[in-house]
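# Observations on the model geometry
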Amino acid sequence: MKSTHKILIIPILILQLSCSSSKVAAQSSVAKSKANSKINVYTTAENTTLRLSLSNDLIATTQQTNSTVSIIVDPKKTYQTFLGIGGAITDASAEVFAKLSPKKQQEFLTAYYDKNKGIGYSLARTNIHSCDFSSESYTYIQEGDKDLKTFNIDHDKKYRIPLIKKAIETAGGKLTLFASPWSPPAFMKDNNDILHGGVLLPEFAQSWANYYAKFIKTYEKEGIPIWGLTIQNEPMASQRWESCIYTPEAERDFLKNFLGPTLEKEGLGSKKIIIWDHNRGDMLVKRANLVFSDPEVSKYAWGIGFHWYETWNGGTPKFESVGEVYKAFPDKNLIFTEGCIEKFDPTKFQFWGNAERYGLNMINDFNNGTVAWTDWNILLDQNGGPNHVGNFCFAPIHADTSKDELIYTPMYFYIGHLSKFIRPNAKRIEATISDKTLLSTSFKNTDGKIATIIMNSSDKEVIYSITNNSQKTTITIPAHAMQTLEY
């Protein structure tokens with residue numbers, strides 16, 4: 001393998017759509033602009049310099065080129081409305097960001113949140129007090145303060161709140177932000193421990209519901225609008241870090257009797273409440289059925305969140321469970337709330353399979369009715385942290401804080417093929433594909449432009465045709481590549 005840092009440091013200029021890394025493609029596209037003026041192709045491919053690069057030279061000059069796969073798009077048939085794509089602004093991300101020079105900080109912000117020069121993130125998640133990706137465990141109150149008289153967010157003002165504000169500013173002044181708790185304070189749980197699972201004690205249910213309202217109001221006083229929240233991160237996992245267990249019935253009852261009414265009473269009834277916030281699979285369907293089928297609870301729930309870690313024991317992603325909920329409850333929303341590449345390995349910053357895992361999950365989730373997709377940490381250091389229990393993982397961008405360098409992984413570019421071109425309030429549209437060699441999804445933006453995303457995870461380039469309103473275009477996608485067509 002070549003010298004790691006020489007090949008990992010990717011200047012942000014790569015995202016300017018006439019990027020220098022694809023001069024040949026750009027020049028070729030200009031020459032053919034008259035013939036192909038209605039479609040632009042952007043490509044990221046392994047073993048090439050293509051990274052979200054304008055690559056119209058991959059469009060066939062005649063319709064006589066034989067294609068092996070066909071995609072037919074029907075903009076008249078629409079599905080869910082798109083909310084956004086983004087990542088989590090955790091304590092870890094904020095602490096690493098603070099170690100960068102002002103120049104690198106601006107590069108980082110532009111890379112994620114600028115829709116022209118970057119990949120246009122429009123969604124974010126953050127933690128309510130500490131999670132595993134914090135340098136230490138903490139809460140916003142003194143232990144035992146059930147009345148929340150000592151509530152303050154001074155801890156977050158040092159790193160996390162400044163980063164969130166800068167992200168909002170770079171995103172054009174608006175960022176859909178939701179928050180998630182990993183655990184109530186220790187004294188509110190039966191194990192008297194903020195870590196290692198445990199359950200919320202009934203006598204503290206109201207106090208814990210008040211805690212959410214306090215968090216929202218206090219953050220909003222800081223100028224950070226909170227769009228919504230999840231009830232509990234991973235409510236069926238007892239972890240060595242911050243965690244808390246809710247059975248389906250316990251989560252339902254907490255929402256119905258405490259959290260929902262409390263937010264309404266506090267004038268926060270417009271905040272979106274997301275249930276589950278754990279893996280796809282049978283439990284996703286069970287939670288949805290239990291809550292959404294009960295009008296007294298369903299009125300408080302905007303939708304259901306899910307993660308991708310159901311594959312931890314070697315199984316396959318349970319995309320069908322997402323589709324089942326989408327069909328059963330079309331008036332509710334599905335949101336992917338967390339996913340990352342686990343088990344950090346510094347030799348795999350450029351491992352292409354990590355990016356393809358993102359492409360596989362994002363395309364299938366959207367095709368099954370998902371309205372929004374949230375990556376985990378937006379930034380980690382060269383060691384996959386910080387993390388107070390050593391649970392290190394990958395992020396799309398890492399910072400080598402010893403060298404003040406940003407490391408752009410292939411995951412970042414694959415996410416960008418969707419986040420940059422599918423904008424909030426877009427509608428997913430019908431797109432049929434003739435062969436499973438490729439994966440694809442299509443959305444129509446409010447400005448009328450269509451974005452079709454195609455992924456080729458095979459070892460060979462594929463020639464495919466795309467047809468929209470009787471207009472047929474033939475395009476080549478390289479091996480192990482992601483493309484976005486904009487037309």
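Residues numbered from 1 in each chain as written. Predicted model: local features only at pLDDT ≥ 70, side-chain atom pairs only at ≥ 80, totals over all residues. Heavy atoms only, no water.

The next subject is the sheet that holds strand β12 (residues 380–381). Across a sheet, paired strands are connected by hydrogen bonds in the backbone, their directions being either parallel or antiparallel. Strands sit in the order β12-β13-β14 across an open sheet of three strands; the sheet is mixed. Whereas interior strands pair on both sides, the edge strands pair on one side only; in this sheet they are β12 and β14 (405–408). When strand β13 (residues 397–400) meets β14, the two strands line up antiparallel, connected through four bridges. Paired with I397 across the two strands is Y408, which belongs to β14. (Pairing = 2+ DSSP bridges. Helix = DSSP H or I, 4+ residues; strand = E, 2+ residues; numbered from the N terminus.)

This next bit is on the environment of I407. The topology assignment puts I407 in strand β14. Taking relative accessible area as the criterion, I407 reaches 0% and is therefore assigned buried. Separated by twelve residues in sequence, I407 and A395 have C-alpha atoms that sit 9.7 Å apart. (Buried < 20%, exposed > 50% of the residue type's maximum accessible area, 1.4 Å probe, protein only.)

What follows covers the sheet that holds strand β11 (residues 370–377). If you trace the eight strands once around the closed barrel, you get β4-β5-β6-β7-β8-β9-β10-β11, paired in parallel fashion. Each adjacent strand pair in this sheet contributes to an overall mean axis angle of 25 degrees, direction not counted. As judged from the two bridges shared by strand β6 (residues 176–181) and strand β7 (residues 228–230), these two strands associate in the parallel manner. The residue bridging A179 from the neighbouring strand is L229, located in β7. Across the face of the sheet, helix α8 (residues 248–265) comes into contact with β7, β8 (272–279) and β9 (301–307) while running at roughly 150 degrees to β8. Strands β8 and β9 of the sheet are contacted by helix α9 (residues 282–292), whose axis makes an angle of about 170 degrees with β9. (Axes fitted to C-alpha atoms, helices over the stretch in contact; angles between N-to-C directions. Contact = heavy atoms within 4.5 Å.)

β6 sits mainly inside the fold: six of its six residues count as buried. Judged by which residues are buried, β6 turns out to be covered on both faces: T176, F178 and S180 on one side and L177, A179 and P181 on the other are all buried. Bridging between strand β5 (residues 123–128) and β6 involves six bridges; their strand directions are parallel. Looking at β6, one finds that A124 is bridged to L177. Since β6 and β7 lie parallel, the crossover through helix α7 (residues 205–221) that links them has a hand, and here it is right-handed. (Right-handed = clockwise from strand over helix to strand, strands pointing away.)

Moving on: the packing of helix α3 (residues 91–98) against helix α6 (residues 160–170). At a minimum axis separation of 8 Å, α3 and α6 run at an interaxial angle of 85 degrees. Regarding the angle of α3 to α6, the classification is roughly perpendicular. Residue-level contacts link D91, S93, A94 and F97 of α3 to R160, L163 and K166 of α6. Among the residues making up the contact of α3 with α6, the classes are represented as three nonpolar, one polar and three charged. (Parallel < 35°, antiparallel > 145°, perpendicular 65-115°, else oblique. Nonpolar A, V, L, I, M, F, W, Y, C, P; charged D, E, K, R; others polar.)

The next subject is the environment of R428. Structurally, the position occupied by R428 is in strand β15 (residues 427–433). What makes R428 buried here is its relative accessible area of 7%. Residues R428 and P185, 243 residues apart in the sequence, show an inter-C-alpha distance of 41 Å. At a separation of 3.0 Å, a polar atom in the side chain of R428 contacts the main-chain carbonyl oxygen of F366. (Polar contact = N/O pair within 3.5 Å; in protein donor to acceptor, adjacent residues only side chain to side chain.)

Next up on the list: the pairing of β15. Two elements, strand β3 (residues 69–81) and β15, share six bridges in a ladder whose sense is antiparallel. Bridged to T78 within β15 is I429. Where β15 meets strand β16 (residues 438–444), two bridges bridge the pair, whose relative direction is antiparallel. Looking at the pairing, R428 lines up with F443 of β16. A loop of four residues connects β15 with β16, the two strands running antiparallel in sequence.

Within the largest apolar cluster, 120 residues are counted, with the highest numbers of intra-cluster contacts made by F254 and L379. The biggest single contributor to this core is α7, with nine residues. Here F254 is in contact with L200, A205, W208, A209, Y212, I231, Y246 and L259, once residues within four sequence places are set aside. The next biggest cluster of nonpolar side chains, apart from the first, holds 20 residues, and it includes A45, I71, I454 and I466. (Core = buried A, V, L, I, M, F, W, Y, C linked by side-chain atoms within 4.5 Å.)

A residue-level look at the chain finds 92% of positions with pLDDT of 70 or above and a mean pLDDT of 93. Note that residues 1–36 has pLDDT below 50 and, in this model, 62 contacts with residues that lie over four places away or in other chains. (pLDDT = per-residue confidence, 0-100.)

Here we take up empty space enclosed by the protein. Following the criterion strictly, the structure yields one cavity of 30 Å³ or more and no others. Here the largest cavity is characterised by a volume of approximately 40 Å³. Surrounding the largest cavity, D91, A94, E95, H155, D156, K158, Y159 and R160 form its lining. Put simply, the parts of the chain that give the lining of the largest cavity at least two residues each are α3 and α5 (154–158). For the lining of the largest cavity, the class distribution of residues is two nonpolar, one polar and five charged. (1 Å grid on protein atoms, 1.4 Å probe; cavity = no way out; pocket = protein on both sides within 12 Å on 5 of 7 lines; lining within 4 Å. Points joined across faces, edges and corners; volume = space filled by probe spheres on them.)

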